[in-house]
Amino acid sequence: MAATHETGDHGTGGHGGHGGGDGHGGQDDPIRLLAIRDTPLSVDEVFAAVGDDAAGGTTLFVGTVRDHDGRQDAAVTALAYSAHPTAEAELRRVAEKVAADFPVRALAAVHRVGDLRVGDIAVVVAVSCPHRGEAFAASRRLIDDLKSEVPIWKHQTFTDGAEEWVGA
């Protein structure tokens, strides 16, 4: 699955100058980039997507594949993410809720699917708001709701040969 949904003009410079006085990016949709991709993710792309001259705080969260997951006796050797066909629609629903609940100027979220290695980037979310506290809270809600509500599943293999599904 390599679907991408982009809205708005997110430019390349990190401060796109998206304006308007309503706290939600003016006439622009504050949701600037949503994607589920089977290709490596770019932190720079996500950061650039949420640039906004009216934002005083921008938070960026990068989730990476770690070498363990709760098991003390075996390390993670392989990991694969898969997504339900409705995952992008659910990601948009989650993003819209965050944008409605916080004074979001700009929001972006991308998640990787397919085979990943330890150290690879699995998810990147970013939120820009007028103030840092709002940006932290909105970003936290975005990643937490993405992980709990968007149908993306993780299949892990361990050094002892055991396997497990997470989120299924």
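The structure this text deals with has already been given above.
Residues numbered from 1 in each chain as written. Predicted model: local features only at pLDDT ≥ 70, side-chain atom pairs only at ≥ 80, totals over all residues. Heavy atoms only, no water.

Colleague: Would you mind going over the layout of surface pockets with me for this structure?
Modeller: In this approach, a probe sized like a water molecule rolls over the atoms, and the result shows the empty space that is left. Estimates place the volume of the largest pocket at around 230 Å³. Broken down by secondary-structure element, the contributors of at least two residues to the lining of the largest pocket are β3 (57–64), β4 (76–83), β7 (121–129), α3 (132–149) and β8 (152–158). Here the lining of the largest pocket takes four residues from β3, the largest share from any one element. (1 Å grid on protein atoms, 1.4 Å probe; cavity = no way out; pocket = protein on both sides within 12 Å on 5 of 7 lines; lining within 4 Å. Points joined across faces, edges and corners; volume = space filled by probe spheres on them. Helix = DSSP H or I, 4+ residues; strand = E, 2+ residues; numbered from the N terminus.)

Colleague: Can you help me understand the nonpolar core in this one?
Modeller: Grouped together as the largest cluster of nonpolar side chains are 31 residues, with contacts concentrated most on Val104, Leu107 and Leu142. Secondary structure elements with two or more residues in this core: β2 (31–37), β4, α2 (87–101), β5 (106–112), β7 and α3. With six residues, α2 is the single largest residue contributor to this core. Of all hydrophobic cores here, the second largest spans eleven residues; its members include Leu33, Leu41, Ala49 and Ala108. (Core = buried A, V, L, I, M, F, W, Y, C linked by side-chain atoms within 4.5 Å. Buried < 20%, exposed > 50% of the residue type's maximum accessible area, 1.4 Å probe, protein only.)

Colleague: Would you explain the pairing of β4 in this entry?
Modeller: Successive residues of a regular strand alternate their side chains across the two faces of the sheet. Across seven bridges, β4 lies against β8 in antiparallel orientation. Counted as the bridge partner of tyrosine 81 is lysine 154 from β8. Bridging between β4 and strand β6 (residues 114–116) involves three bridges; their strand directions are antiparallel. Among the inter-strand pairings, tyrosine 81 is bridged to a residue of β6, identified as glycine 114. (Pairing = 2+ DSSP bridges.)

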